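One-letter residues, chain by chain:
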Amino acid sequence: MKPHHISKHTASVHAGQQRNTNQGVVNPIDPSTAFQYIDAGDQFYPRYFNTPNQSHIIEKLRQLEHAESALLFSSGMAAISTTLLALLKSGDHAVMLRGLYGGTHSFIIHELDELGVPYDFAGAEVEELIGAVRHNTRLILVESPTNPLLQIVDLQQLAGQAKQRGIITIIDNTFASPINQNPIDLGIDLVVHSGTKYLGGHSDLCFGAALGSQSLIDQIRDKAIRYGGSVNAVTCYLIERSLKTLALRVEKQNHNAKRVAQFLEEHPQVERVYYPGLTSHPGHRCAAEQMEDFGGMLSFELSESVPGRDFLDKLNLITPAMSLGGVESTATLPVFTSHRLMPDAERRRLGIGDQLVRLSVGIEDADDLIEDLGQAMLAGETRRASSIGA
Ligand SMILES: *Cc1c(COP(=O)(O)O)cnc(C)c1O
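Analysis parameters
Residues numbered from 1 in each chain as written. Predicted model: local features only at pLDDT ≥ 70, side-chain atom pairs only at ≥ 80, totals over all residues. Heavy atoms only, no water. Helix = DSSP H or I, 4+ residues; strand = E, 2+ residues; numbered from the N terminus. Contact = heavy atoms within 4.5 Å. Areas by Shrake-Rupley, 256 points an atom, 1.4 Å probe, with all protein chains shown as cover. Lys, Arg positive; Asp, Glu negative; His and termini not counted. Charge placed at Lys NZ, Arg CZ, Asp CG, Glu CD. Near = heavy atom within 4 Å. Polar contact = N/O pair within 3.5 Å; in protein donor to acceptor, adjacent residues only side chain to side chain. Axes fitted to C-alpha atoms, helices over the stretch in contact; angles between N-to-C directions. Parallel < 35°, antiparallel > 145°, perpendicular 65-115°, else oblique. Left-handed = near helix turned anticlockwise from the far one by under 90°. Nonpolar A, V, L, I, M, F, W, Y, C, P; charged D, E, K, R; others polar. Pairing = 2+ DSSP bridges. Buried < 20%, exposed > 50% of the residue type's maximum accessible area, 1.4 Å probe, protein only. Right-handed = clockwise from strand over helix to strand, strands pointing away. Phe/Tyr/Trp six-rings, centres within 6.5 Å; stacked < 30°, edge-to-face > 60°. Lys NZ or Arg CZ within 6 Å of the ring centre and 35° of its normal. Core = buried A, V, L, I, M, F, W, Y, C linked by side-chain atoms within 4.5 Å. Patch = residues over 30% accessible without salt bridge, like charges linked within 9 Å, V, L, I, M, F, W, Y side chains within 5 Å. Salt bridge = Lys/Arg side-chain N within 4 Å of Asp/Glu carboxyl O.

Visitor: Mind showing me how you'd approach the overall build of the protein here?
Guide: Helix and strand content of the protein: 14 helices and 12 strands. Overall, the C-alpha framework of the protein stretches about 80 × 55 × 40 Å when taken along its three principal axes. Across the protein, the fraction of contacts at a sequence separation of at least 24, relative to all contacts at a separation of at least 6, is 73%. When the accessible surface of the protein is totalled, it reaches about 17500 Å², and 51% of it is carbon and sulfur. The centroid of the 33 positive side-chain charges in the protein is displaced by 3 Å from the centroid of its 45 negative side-chain charges.

Visitor: Looking at this structure, I do not really get the site of the ligand. What am I missing?
Guide: Every residue lining the ligand is accounted for by Ser-75, Gly-76, Met-77, Ile-80, Tyr-101, Asp-172, Thr-174, Ser-194, Thr-196, Lys-197 and Phe-207. Here an oxygen atom of the ligand and a backbone polar atom of Met-77 are 2.8 Å apart. Contact between the ligand and Asp-172: a nitrogen atom at 2.6 Å from a side-chain N or O atom of the residue. A total of 3 residues in the shell around the ligand trace back to one element, the largest contributor, which is helix α3 (residues 76-87).

Visitor: Looking at this model, I keep getting lost on the packing of α3 against helix α8 (residues 214-227). Mind explaining?
Guide: Remark: α3 packs on α8, axes separated minimally by 9 Å, with the N-to-C direction vectors making an angle of 110 degrees. If you check the angle between α3 and α8, you find them roughly perpendicular. As for the relative orientation of α3 and α8, their crossing is right-handed in sense. Packed against α3, whose contacting residues are Thr-82, Thr-83, Leu-85, Ala-86 and Leu-87, the element α8 presents Leu-216, Gln-219, Ile-220, Lys-223, Ala-224 and Tyr-227 at the interface. Partitioning the contact of α3 with α8 into residue classes produces 7 nonpolar, 3 polar and 1 charged.

Visitor: Looking at this model, I keep getting lost on the environment of His-135. Mind explaining?
Guide: In this structure, His-135 sits in the loop between α5 (126-131) and β4 (137-143). It is 47 Å that separates the C-alpha atoms of His-135 and Arg-309, two residues lying 174 residues apart in sequence.

Visitor: Quick question: what am I supposed to make of the sheet that holds strand β3 (residues 119-122) here?
Guide: Backbone-to-backbone hydrogen bonds join strands into a sheet, with any given pair of strands oriented parallel or antiparallel. Taking strand neighbours across the sheet as the criterion, the 7 strands line up as β1-β7-β6-β5-β4-β2-β3 in an open arrangement whose pairing is mixed. The outermost strands of the open sheet, each flanked by one partner alone, are β1 (69-73) and β3. Between one strand axis and the next, the sheet turns through 20 degrees on average, direction left out of account. Across the sheet, α8 is in contact with β1, β4, β5 (168-172), β6 (190-194) and β7 (208-212); its angle to β1 comes to roughly 25 degrees.

Visitor: Is there a simple way to explain the pairing of strand β2 (residues 93-97) in this structure?
Guide: Every regular strand shows the same layout, with side chains that alternate between the two sheet faces. Most of β2 is tucked away, with 5 of its 5 residues classed as buried. Both faces of β2 are covered, namely the face carrying His-93, Val-95 and Leu-97 and the face carrying Ala-94 and Met-96. Examined bridge by bridge, β2 and β3 share 4 bridges and lie parallel to one another. Following the sheet pairing, Val-95 is matched in β3 by Asp-120. After leaving β2, the chain enters helix α4 (residues 102-115) and then returns to the sheet as β3, a path that is right-handed.

Visitor: Please explain unusual backbone geometry as it appears in this structure.
Guide: When glycine is set aside, most residues are seen to have a negative phi, and most peptide bonds are trans. Cis rather than trans, the peptide bond between Ser-144 and Pro-145 has omega equal to -5 degrees. Mapped onto the fold, Pro-145 is located in the loop between β4 and α6 (155-164). Between Asn-147 and the following residue, Pro-148, the backbone shows a cis peptide bond with an omega angle of -5 degrees. Tracing the sequence through the fold places Pro-148 in the loop between β4 and α6. Non-glycine residue His-66 carries a positive phi angle of around 55 degrees.

Visitor: For this particular structure, what's the right way to read the packing of aromatic side chains?
Guide: All chains considered together, the criterion is met by 6 aromatic pairs. On the numbers, 5.6 Å between centres and 70 degrees between planes, the contact of Tyr-119 with Phe-121 is edge-to-face. In this structure, Arg-309 packs its charged tip against the face of Phe-336, placed 3.7 Å from the ring centre.

Visitor: Please clarify how helix α9 (residues 233-243) should be interpreted in this entry.
Guide: Quick reminder: α-helices carry 3.6 residues per turn. Residues three or four places apart thus point the same way. By the burial criterion, the buried members of α9 are Ala-233, Cys-236, Ile-239, Glu-240, Ser-242 and Leu-243. Backbone nitrogen of Val-234 and a side-chain oxygen of the N-cap are separated by 3.0 Å at the start of α9; the cap is Asn-232.

Visitor: Whenever I open this one, the nonpolar core confuses me. Can you help?
Guide: Side chains of a nonpolar character, in soluble globular proteins, are inclined to be buried together. Counting residues in hydrophobic clusters, the biggest one holds 77 residues, and the most contacted among them are Leu-72, Phe-73, Leu-129, Leu-139, Ile-140, Val-142 and Ile-170. Residues within four places of Leu-72 in sequence aside, it is in contact with Phe-49, Gln-54, Ile-57, Ile-58, Leu-61, Phe-207, Gly-208, Gly-229, Val-231, Cys-236 and Ile-239. In terms of nonpolar packing, the next biggest core, distinct from the first, is built from 32 residues, Leu-298, Ala-331, Leu-359 and Val-361 among them.

Visitor: How should a nonpolar patch on the surface be read in this particular structure?
Guide: Taken together, Ile-29, Val-234 and Leu-238 make up a surface patch of nonpolar side chains, about 230 Å² in accessible area. When you line up the elements, Ile-29 lands in the loop between α1 (8-14) and α2 (52-65). Its relative accessible area of 39% is what places Ile-29 among the partly exposed residues.

Structural data, given as structure tokens:
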């Protein structure tokens with residue numbers, strides 16, 4: 001029988017909420033780093049990842065991701081690096097999705113070589129990922145939807161095939177958030193998050209999380225205690241405050257992104273839209289099966305007549321900014337941001353053109369966002385027309 005899970009809206013508000021600690025409805029902040037001995041058992045200590053404030057958030061995230069256990073980290077990269085280092089030892093092999101988040105990619109190519117851990121990158125098709133498996137493959141790390149083209153990995157199929165081979169599967173679930181996707185329900189072993197994005201949601205917090213079975217999380221915790229990427233109580237308070245509106249925010253972002261994607265798909269100055277919620281998206285059917293909804297991230301190719309930089313300059317409401325998942329809509333040109341260090345040929349091979357714009361859709365009114373995008377494309381057109389005239 002499937003375990004019963006509390007609804008996402010309810011879990012966002014109530015999971016991890018302590019009763020009877022004081023008269024308030026909000027968990028108190030306990031900034032202590034020294035705690036009185038109670039017995040000889042586990043002592044509270046921030047770097048042991050077990051203080052009261054850490055535990056409240058862990059409980060909330062654990063319920064939102066349908067995981068047995070979880071750890072809260074000081075950044076997404078702390079969660080990812082500690083997880084990989086806890087599971088991989090010299091001589092193990094790893095399969096990594098091609099086009100992982102830049103920081104993860106950088107960690108892999110700089111740190112794993114030094115540790116003597118060979119790895120291969122593979123495309124988002126399950127046959128490619130499984131095709132890269134060797135006799136000593138220990139884990140497979142993916143993202144879905146991917147950045148910036150929102151490709152979809154069939155998670156259930158991947159998890160099933162990996163499990164048959166005794167391989168651990170890990171997904172970075174940052175883009176979907178636990179509101180839209182629960183990979184553990186699909187058989188994935190571990191979920192990692194950059195909480196800096198949707199979980200924090202206000203572009204003012206940096207944290208991360210790893211979630212999975214008790215035994216895997218215990219293994220990661222041992223390593224984490226030695227590496228030390230923990231979060232303090234005041235940050236925990238802010239994370240908790242953010243998480244209470246997670247389901248509400250993401251729901252609005254899903255709705256807005258759908259509206260924006262439909263608008264862009266019909267716009268004459270847009271060559272192509274990448275959004276898994278569109279039926280034209282190659283991963284749409286799989287996404288519809290494995291996701292609750294399609295998320296707030298999308299990207300699109302502008303036609304040549306609207307230069308990408310001009311377009312970003314002309315946006316009034318949508319802020320040209322890195323990062324994503326905030327209440328405010330932001331836009332980037334991956335060619336100048338996430339993929340600027342990548343050789344041109346390699347970038348184009350991945351399908352990331354010079355005119356590709358990535359949007360993180362916020363919680364504003366969808367009509368206002370559409371209006372802003374429309375006027376920025378128009379402005380590009382007029383300016384070009386007048387410079388040709390001159
Ligand atoms: C931002 C991000 C990370 C890294 O998280 P930090 O909190 O910046 O360390 C990892 N994965 C994805 C998909 C991200 O967007």
